Amino acid sequence: MTTGEKIKRIRQHRKMTQKELGEAIGLGATGANRIAQYEMGYRVPKKPLLQKMAEAMHVSPMALAEGGNGAATDMLEQLFWLDEEIPGVICLVQTQRSAAPYNANSNLALHYDDNDSWPPASPVAMWFNSTVLDEFLRDWAKVQQQLRRKEITEEEYFEWKICWPENEKGSV
């Protein structure tokens, strides 16, 4: 997703007009036109202006960035936006430790309890040997589970993603 598409999606989520966003970041009378150009990809805002937009829309600056935040945060932001473009494509689930060691399992497979929401073939699990990434994914899994249980709305779920990592861990 381009920076312009991100700006538009978040601006609409915030129920702001292009004019309101332009005024909030100090663009004056031509603000709506400039915001339209950014959203359509005719222009790309520089980092200081993106920072102002993030502040005006009350989101993490990383939610608007095209990259360069660091490998881990860039990857998570890409996953968040992929989840927005294709809702439901990323399914996170918490695992529970088994008494049997993983390496004792001859086929090195994780076992799961099937239910109607699992795909027809066994899903593939992935983890990272990085405490930071695992903590972020664990927090995201908790929020995604809240969405599935209808404890939070789609809007609250989106809000959590666009404010990450400044939001409170694991809750909306």
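For the structure given in this document, a descriptive report is provided here. Source: prediction; values computed, not measured.

**With respect to the packing of helix H6 (residues 131-148) against helix H7 (residues 154-163)**
- Interaxial distance between H6 and H7 falls to 9 Å at its minimum, and their mutual angle equals 170°. Viewed along their axes, H6 and H7 adopt a mutual orientation that is roughly antiparallel. When the axes of H6 and H7 are compared, the crossing they make is right-handed. Residues Asp139, Trp140, Val143, Gln144 and Leu147 of H6 pack against Glu154, Tyr157, Trp160 and Lys161 of H7.
- For the contact of H6 with H7, the class distribution of residues is five nonpolar, one polar and three charged.

**Let's talk about the pattern of salt bridges**
- This model, assessed by the stated rule, comprises six salt bridges.
- In this structure, Arg11 engages Glu39 in a salt bridge whose closest nitrogen and oxygen atoms are separated by 2.5 Å. Separated by 28 residues along the polypeptide, Arg11 in helix H1 (residues 3-13) and Glu39 in helix H3 (residues 31-40) bring together distant segments of the chain. For the residue pair Arg11 and Glu39, the accessibility class agrees, reading buried in each case.

**A look at the nonpolar core**
- Formed by 21 residues in total, the largest nonpolar core has its most connected members in Ile10 and Met53.
- Every element with two or more residues in this core is listed here: H1, H3, helix H4 (47-57) and H7.
- Sort the elements by how many residues they give to this core and H4 lands first, with six residues.
- In this structure, Met53 is in contact with Ile7, Ile25, Ile35, Tyr38, Pro45 and Leu64, ignoring residues within four places of it in sequence.
- Core analysis: the second largest hydrophobic core is formed by 17 residues, Phe80, Leu92, Leu133 and Trp160 among them.

**So, the layout of surface pockets**
- Taken as a whole, the second largest pocket holds about 240 Å³ of empty space.
- Taken together, 14 residues form the lining of the second largest pocket, with Pro87, Gly88, Leu147, Glu154 and Tyr157 sitting closest to its centre.
- Residue assignment for the lining of the second largest pocket shows that the elements contributing at least two residues are helix H5 (71-85), H6 and H7.
- Tallying contributions element by element places H7 first for the lining of the second largest pocket, with four residues.
- For the lining of the second largest pocket, the per-class residue count stands at six nonpolar, two polar and six charged.

**With respect to the packing of aromatic side chains**
- Per the counting criterion, the structure on display carries five aromatic pairs.
- Consider the rings of Phe80 and Trp140, whose centres lie 4.8 Å apart with planes at 85°: the pair is edge-to-face. With Phe80 in helix H5 and Trp140 in helix H6, this residue pair connects regions lying 60 residues apart in the sequence.
- On the basis of relative accessible area, Phe80 is assigned to the buried category, the value being 3%.
- Residue classification places Trp140 among the buried positions, given a relative accessible area of 1%.
- Geometrically, the ring pair formed by Phe80 and Trp164 is edge-to-face, given 5.2 Å between the ring centres and 85° between the ring planes. One end of the pair, Phe80, is in helix H5; the other, Trp164, is in the segment after H7, with 84 residues separating them in the sequence. Here Phe80 matches Trp164 in class, with each residue buried.
- Taken together through their ring pairs, the aromatic side chains of Phe80, Phe136, Trp140, Trp160 and Trp164 make up a single cluster.

Cut-off values and rules
- Residues numbered from 1 in each chain as written.
- Predicted model: local features only at pLDDT ≥ 70, side-chain atom pairs only at ≥ 80, totals over all residues.
- Heavy atoms only, no water.
- Axes fitted to C-alpha atoms, helices over the stretch in contact; angles between N-to-C directions.
- Helix = DSSP H or I, 4+ residues; strand = E, 2+ residues; numbered from the N terminus.
- Parallel < 35°, antiparallel > 145°, perpendicular 65-115°, else oblique.
- Left-handed = near helix turned anticlockwise from the far one by under 90°.
- Contact = heavy atoms within 4.5 Å.
- Nonpolar A, V, L, I, M, F, W, Y, C, P; charged D, E, K, R; others polar.
- Salt bridge = Lys/Arg side-chain N within 4 Å of Asp/Glu carboxyl O.
- Buried < 20%, exposed > 50% of the residue type's maximum accessible area, 1.4 Å probe, protein only.
- Core = buried A, V, L, I, M, F, W, Y, C linked by side-chain atoms within 4.5 Å.
- 1 Å grid on protein atoms, 1.4 Å probe; cavity = no way out; pocket = protein on both sides within 12 Å on 5 of 7 lines; lining within 4 Å.
- Points joined across faces, edges and corners; volume = space filled by probe spheres on them.
- Phe/Tyr/Trp six-rings, centres within 6.5 Å; stacked < 30°, edge-to-face > 60°.

By themselves, these observations are geometric and do not establish any function.
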